[in-house]
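Observations on chain architecture
For reference, the chains in residue letters:
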Amino acid sequence: LKMSWFWFYLPLRLLMAACLCHSIKDPTTSSQQSFKTDLFNFYHSLILADGKETTVHLLKDIPRRYYFVLEEGRALAPFTITVTPCDVPIEWSILVHKASASFLGKAARGDHDTQEVSKSQKASSMVSTIFNYKGNSVETYMGMSSHSALYMLEFLSTERDTHITVYLTTDTTSGHLYPELPMDPRIDVIGIGHTTVTLTWKHSPSVLQHRENIQYCLLVNEKHNYKSLCAAETAIRSSGMKLPPTLALSLSPYLLEPQQVMILSNSELSIINRVSSGEVRQICMGTKNTYTVPNLSPSTQYYFDVFVVNLLTNASAAYTGTFARTLEEPEPKVMELKDGKVIQVVLDGKKQKFYSLQYQARHKKIQFTFQLCRGQVRVHITKNGKTVASENVSGLRYFSLKGKLLDTYLVQLRSTEETNSSVKVQVSPHFHKPLFPLLPESLKIKSFSKLRTCNSVTIAWLGTQEESKYCVYKKKIEEDQVWMELRSADRCSGPESRHKSEKVLCKYFYDINLQRAVTTETIKGLDAGTLYLFDVYLFGPSGIPVRYHSKVVKTRKRC
């Protein structure tokens, strides 16, 4: 069968003929109003394209009508219509206007008079509804026509403005626009862990026939299942995010939005969309039909939808979605702290979980020491279940506490950033000599702009009343490395992590008068117009270093 522009004006001629006949028979105001209404409805309808997916936008409570014609010429004329709601449930129906070939021909050519049309309509035509549906599932109607007929599709959304896709085809021999689903389209959950869920599903016949053009894409979210890829993308967009047109296009280059993260590994493409209702994760894994979803949160219910996508047409078909709840996270292990022993803890910024340390006091006075190595850390200390300290720490922080023998202290640490943080922790009786050196009021390094030359810079830093060793290191860096160098610096690492060529000098100094406990150094032999990163390390009696805040200085380009 083929669609013909011969029939393009047929609905309009039929409509005008019917309205003209009606107005002659009863030329009243209501007839004129009916005529205007019919014309308005027609101009808000279109001829539906054959063999092409059409996007239809619906306004609330306003019906949209589309027409198509099946011509005479074969004993039985098959056709298929697939409608995909992209948001709320809709109502849609198929109406058929059957007429004799002679009437259709005259109507299209316009060689008739009003009385002839009226008689022909009564004798030769009949309108009937052959299909009706209400809901938000993807629905397909397959029909057969034995004679020429004009079909009308009517769509209505009663909840809110929305859009749908409609696919009409009269060619049942050249394959399918949509990938085929297996006889059993369910997704099976075959494994559940604390942070993983393993899924499997039966292969689509389309994958077996056209493996190079078909792939599976998985959608993971915490809200509900989606009956079509179109509905999933609409839901994400409604959260204020722009998306690629379909998951099939995710294999093509495009710019991600700020709320999106793309991960490509082992031929799998993952896109994480951060929306108000949580993460919506999209994973395309080629033609594998078993997949373990990683990095989930414990004790959380997730919904899983699998779509088989045609890479050539971007059309997709949805498996029956499923859901699963990850296992509860086991109680975190509590590490025991021992007197005088220093431990370093790395905190996961993504999970935002507390790391717990426990200490049973052997003295009435004790002191907790925290040295922040990287990131930002929240410290919460309880004694026998009651909070005694809670704050964000930076640099080196001491907490001196009083209590009774055998009091139980619980220290909980958490990263306050999305990136990982690390901190060193020590607990000791208050009267013990501190493991960390005595610190100055500030750990900042100052540079003197007026003393800069093309090959030297002068820096200064504060000391203490205790004689200590200070070592200066320098490192060349590029402009685009400054932020990363300052951000990723491990403030707990000592000079042992530095290259020998970066060492400038080491010196001892102190001053009983803190007002004069300042030292300066002029570092020579530098390159003109070059950025340098300077670090100062302070060593106490125990030999554990404390790193001052790094300073970036650029030598003069011309002197």
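- Per an unreviewed UniProt entry, the protein is named Protein NDNF, and its organism is Rissa tridactyla.
- As stated in UniProt under Subcellular location (unreviewed entry), the record for the protein gives "Secreted".

1. With respect to the nonpolar core
- By size, the foremost hydrophobic cluster in this structure holds 24 residues, and its most contacted members are Phe368, Phe370, Ile381 and Leu413.
- Every element with two or more residues in this core is listed here: strand 21 (343-347), strand 22 (355-360), strand 23 (365-374), strand 24 (377-383), strand 25 (386-393), strand 26 (396-402), strand 27 (408-415) and strand 28 (421-429).
- If you tally residues by element for this core, the top one is strand 23, at four residues.
- Ranked by size, the runner-up nonpolar core spans 23 residues in total, among them Leu48, Phe79, Ala149 and Leu153.

2. Regarding the packing of aromatic side chains
- Within the structure shown, the criterion is met by 21 aromatic pairs.
- Ring geometry for Tyr216 against Tyr319: centres 6.3 Å apart, planes inclined by 70°, an arrangement best described as edge-to-face. Of this pair, Tyr216 sits in strand 12 (residues 214-221) while Tyr319 sits in the loop between strand 18 (316-318) and strand 19 (322-325); the two residues are 103 residues apart in sequence, bridging distant segments of the chain.
- A centroid spacing of 6.5 Å and a plane angle of 35° characterise the contact between Tyr302 and Phe304, whose relative ring orientation is tilted. In this structure, Tyr302 and Phe304 share a single accessibility class: buried.
- Of the aromatic side chains, those joined through ring pairs into one cluster are Tyr66, Phe68, Phe79, Trp92, Phe131, Tyr141, Tyr151 and Phe155.
- The positively charged end of Arg397 is found above the aromatic ring belonging to Phe399, 4.3 Å away from the centroid.
- Of note, Lys469 hangs over the ring of Phe539, and the distance from its end group to the ring centre comes to 5.6 Å.

3. Things to note about a nonpolar patch on the surface
- On the surface, Val189, Ile192 and Leu327 cluster together into a nonpolar patch covering about 210 Å² of accessible area.
- Within the element layout of this structure, Val189 appears in strand 10 (residues 187-192).

4. Description of the pattern of salt bridges
- Here the structure, examined in full by the defined rule, presents 14 salt bridges.
- Across the pair Lys476 and Asp527 runs a salt bridge, and its minimum N-O distance is 2.3 Å. A residue pair is termed long-range when its members are at least 10 positions apart, and Lys476 in strand 31 (residues 468-477) and Asp527 in the loop between strand 33 (518-523) and strand 34 (531-539) qualify at 51 residues.
- You can call Asp527 partly exposed: its relative accessible area is 35%.
- Ionic pairing is found between Asp511 and Arg516, a salt bridge with its closest N-O pair at 3.8 Å.
- A residue is classified by how much of its surface remains accessible, and Asp511, at 18% relative accessible area, is buried.
- Arg516 gets classed as exposed once you look at its relative accessible area, which sits at 55%.

5. Focus: the sheet that holds strand 2 (residues 52-58)
- With antiparallel pairing, four strands are arranged side by side in an open sheet as 2-9-4-7. Of all the strands in the sheet, the pair left with one neighbour each is strand 2 and strand 7 (139-145). If you compare each strand with its neighbour and ignore which way they point, the axes differ by 20° on average.
- Sheet analysis places strand 4 (residues 77-85) next to strand 7, joined by seven bridges and oriented antiparallel. Within strand 7, the residue paired with Phe79 across the bridge is Gly143.

6. So, the pairing of strand 22
- The pairing of strand 20 (residues 335-336) with strand 22 spans two bridges and is classified as parallel. Paired with Met335 across the two strands is Leu357, which belongs to strand 22.
- Here strand 22 pairs with strand 27 via six bridges, running antiparallel. From the neighbouring strand, Ser356 faces strand 27, where its bridge partner is Gln412.

Conventions adopted
- The residue numbering used here restarts from 1 in each chain and proceeds along that chain's sequence as written.
- Given that the model is predicted, a residue must reach a pLDDT of at least 70 before its local features are reported, and side-chain atom pairs must reach 80 or more before they are shown or counted; all residues, however, enter totals for whole chains, interfaces and linings.
- Values reported for side chains reflect all heavy atoms of the structure, with hydrogen atoms and water molecules removed beforehand.
- UniProt positions are given in the numbering used here, feature names are shortened, and annotations may be inferred rather than shown by experiment.
- Joining through side-chain atoms within 4.5 Å is the link that ties buried Ala, Val, Leu, Ile, Met, Phe, Trp, Tyr and Cys residues into a set, and such a set is a nonpolar core.
- For every residue, the accessible area obtained with a 1.4 Å probe (protein chains only) is divided by the maximum for its type, and the residue is called buried under 20%, exposed over 50%, and partly exposed between those limits.
- Segments assigned H or I by DSSP are reported as helices when at least four residues long, segments assigned E as strands when at least two residues long, and all are numbered from the N terminus.
- Aromatic pairing here means that ring centres of Phe, Tyr or Trp (its six-membered ring) are within 6.5 Å. Orientation follows from the plane angle: under 30 degrees is stacked, over 60 is edge-to-face, and everything else is tilted.
- Geometrically, a lysine NZ or arginine CZ counts as sitting over a ring once it is within 6 Å of the ring centre and also within 35 degrees of the ring normal.
- Only residues whose relative accessible area exceeds 30% and that form no salt bridge are eligible for patches; like-charged ones are grouped when within 9 Å, while nonpolar side chains (Val, Leu, Ile, Met, Phe, Trp, Tyr) are grouped when within 5 Å.
- In these tables, accessible area is a Shrake-Rupley quantity obtained with a 1.4 Å probe, and a residue counts as shielded only by the protein chains included in the view.
- Each reported salt bridge corresponds to a side-chain nitrogen of Lys or Arg within 4 Å of a carboxyl oxygen of Asp or Glu.
- Following DSSP output, two strands are said to pair if at least two bridges run between them.
- Think of each axis as a best-fit line through the C-alpha atoms, taken over the contacting stretch in the case of a helix, with angles from 0 to 180 degrees between the N-to-C directions.

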